[in-house]
Amino acid sequence: MGEILVEVATDVAFAHGVPAQLGISGDALNVAAAAAAAGARVGLLSVLTDDDLGQAIAARIAELGISTRLVKFRTGQQGVYLVHSDPEGQREFSYARSGSVGSSLGPDDVDPAVFAAAGAVVAGGIACAISESSRAAVLKAAAVSKRFVFDPNFRPRLTSVEDATAALLQLAPRSYLVTPSFPGETSALLGTSTPAEAAAKLLGLGAGNVAVTCGAEGIQLDGEGLDSTWISSIPAPAVVDQTGAGDAFVGTLTARMVLGDTLPVAARYGAAAASLVVGGKGGTGFIPTFEQTSAHLRNEINHG
C-alpha cells in the first residue's frame, strides 16, 4: 500500500530540452512488482487519478502481474518525480507531490477482511509521511494484518526526523518485520551506531524480526527464533540506476516468506533481486523473474 508516482528520468542534470524517459514508480509499486515476480499473488492499495493517466498507470500495474482490484480512482493530481542518475547509478530527486491524489489514501480504503486475509502486508514511511489520512491508513493496516512489514524509507525532504521516528515507534510493536537502512535511517531514527545495535533496539521495541540493510555490504538479520545472521550482498552484474533496489529486497523477501521460505533464505533471494534491479532504468525498469533471481543467487553461492 502507498503512493504511485509518474517518473521522469534523465541521464544528465535536468534542463530544458534534455531527453527523458517516462516511467511509473513509487516504493509501493516497486515492492509489489518485486513480490509478484518472486511468485506471490499481490494486490496494491493506492489511489490514482480518474482520467486517462490513471488508466494508463493501472494498465502498467496489471502488466507487472499485480491485481488492480484494490486500486481507487479519484479526481486530483497524480504525483510526479524527476530523477537524474549519474554513471554510478547515484540519484538526485525532485518531487511534485504536495496534495497529490495518492495522499488522499485513508483508513476507509483499508478493508479489514482483505488485509487480515493477506499472507503479509507491506507499507513504508513514505505512506506515513505524505498525509495524516495516509498515515492513519497504514496504522489501521498494521492493526488488522497478521504479518505487517514496515520499511521506514525515511525521506528528509518529505518529513522530519521527529515525525518519522514517531511513526517507527508506533509501528515497530505491530510489525512482523522492520527493514531499516544503515547508517542513514538507523542513526537518524534510532540513534544507533551499528546494524546489530539497531536490530536489538527494534526487537526491544516489540518488532518480531528485523532486517537492517547495509547497502553494498549486506543485511543484518535478527528476530524470533533466529540466530543473529549476516547476509552478504551480491555484486550487481551492471549498475544503471539504484532506484528501487531496497524495494526489490523488501518485496522479494516478503513474497518468499509468505510462500514458505525461512527468513534467511527469503532475505538471500531479496539480496539477489536487489542486485539485479539496479541494471535497469527507473523503479520498475527491470524486474527480474524469480528464475533469474534464483540463478543469480546460485551463481553467487557456487562462485562466491
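Residues numbered from 1 in each chain as written. Predicted model: local features only at pLDDT ≥ 70, side-chain atom pairs only at ≥ 80, totals over all residues. Heavy atoms only, no water.

### Overview of the overall build of the chain
Thinking step 1. Scanning the chain from terminus to terminus reveals 11 helices and 12 strands.
Thinking step 2. Taking the principal axes of its C-alpha atoms as reference, the chain extends roughly 50 × 40 × 35 Å.
Thinking step 3. The buried share among the 304 residues of the chain stands at 52%.
Thinking step 4. For the chain, the exposed surface amounts to about 12,800 Å²; the carbon and sulfur share of it is 53%. (Helix = DSSP H or I, 4+ residues; strand = E, 2+ residues; numbered from the N terminus. Buried < 20%, exposed > 50% of the residue type's maximum accessible area, 1.4 Å probe, protein only. Areas by Shrake-Rupley, 256 points an atom, 1.4 Å probe, with all protein chains shown as cover.)

### Quick notes on the sheet that holds strand β11 (residues 218-223)
Thinking step 1. With mixed pairing, 6 strands are arranged side by side in an open sheet as β7-β8-β9-β10-β11-β12. Of all the strands in the sheet, the pair left with one neighbour each is β7 (121-124) and β12 (229-232).
Thinking step 2. Where strand β9 (residues 177-178) lies against strand β10 (residues 209-213), 2 bridges are found, and the strand directions are parallel. Pairing of Val178 across the sheet is with Val210, part of β10. (Pairing = 2+ DSSP bridges.)

### What about the environment of Arg157?
Thinking step 1. The topology assignment puts Arg157 in the loop between β8 (148-151) and α6 (161-171).
Thinking step 2. Judged by relative accessible area, Arg157 falls into the exposed class, the value being 67%.
Thinking step 3. Considering only alpha carbons, one finds Arg157 and Gly225, 68 residues apart in sequence, at a separation of 37 Å.
Thinking step 4. Apart from residues lying up to four places away in sequence, Arg157 is in contact with Glu92 and Phe93. (Contact = heavy atoms within 4.5 Å.)

### Section: unusual backbone geometry
Thinking step 1. Omega for the bond connecting Phe182 with Pro183 falls within 30 degrees of zero, at 5 degrees, which places this linkage in the cis form.
Thinking step 2. Tracing the chain through its elements places Pro183 in the loop between β9 and α7 (184-190).
Thinking step 3. Positive phi, normally seen in glycine, also occurs at Asn153, with a value near 40 degrees.

### Considerations on the pattern of salt bridges
Thinking step 1. Tallied over the entire structure, the rule returns 4 salt bridges.
Thinking step 2. We note a salt bridge from Asp109 to Arg74, for which the minimum N-O separation is 2.4 Å. Taken together, the residues span a long stretch of sequence, with Asp109 in the loop between β6 (91-96) and α3 (112-117) and Arg74 in strand β4 (residues 72-74) at a distance of 35 residues.
Thinking step 3. When its relative accessible area of 11% is taken as the criterion, Asp109 is described as buried.
Thinking step 4. One salt bridge connects Asp261 with Arg256, and the closest N-O pair in it is separated by 2.9 Å. (Salt bridge = Lys/Arg side-chain N within 4 Å of Asp/Glu carboxyl O.)

### Quick notes on the pairing of β7
Thinking step 1. On β7, burial covers both faces: Val121 and Ala123 on one face and Val122 and Gly124 on the other are all buried.
Thinking step 2. Across 4 bridges, β7 lies against β8 in parallel orientation. Bridged to Gly124 within β8 is Asp151.

### Regarding α6
Thinking step 1. Burial in α6 covers these residues: Ala164, Thr165, Ala167, Leu168 and Leu171. Buried residues of α6, viewed axially, fall in a sector of 160 degrees; they line one side.
Thinking step 2. Buried residues in α6 make contact with α4 (125-129), α5 (132-144), β8, β9, α7 and α8 (195-204). (Arc of directions from axis to C-beta.)

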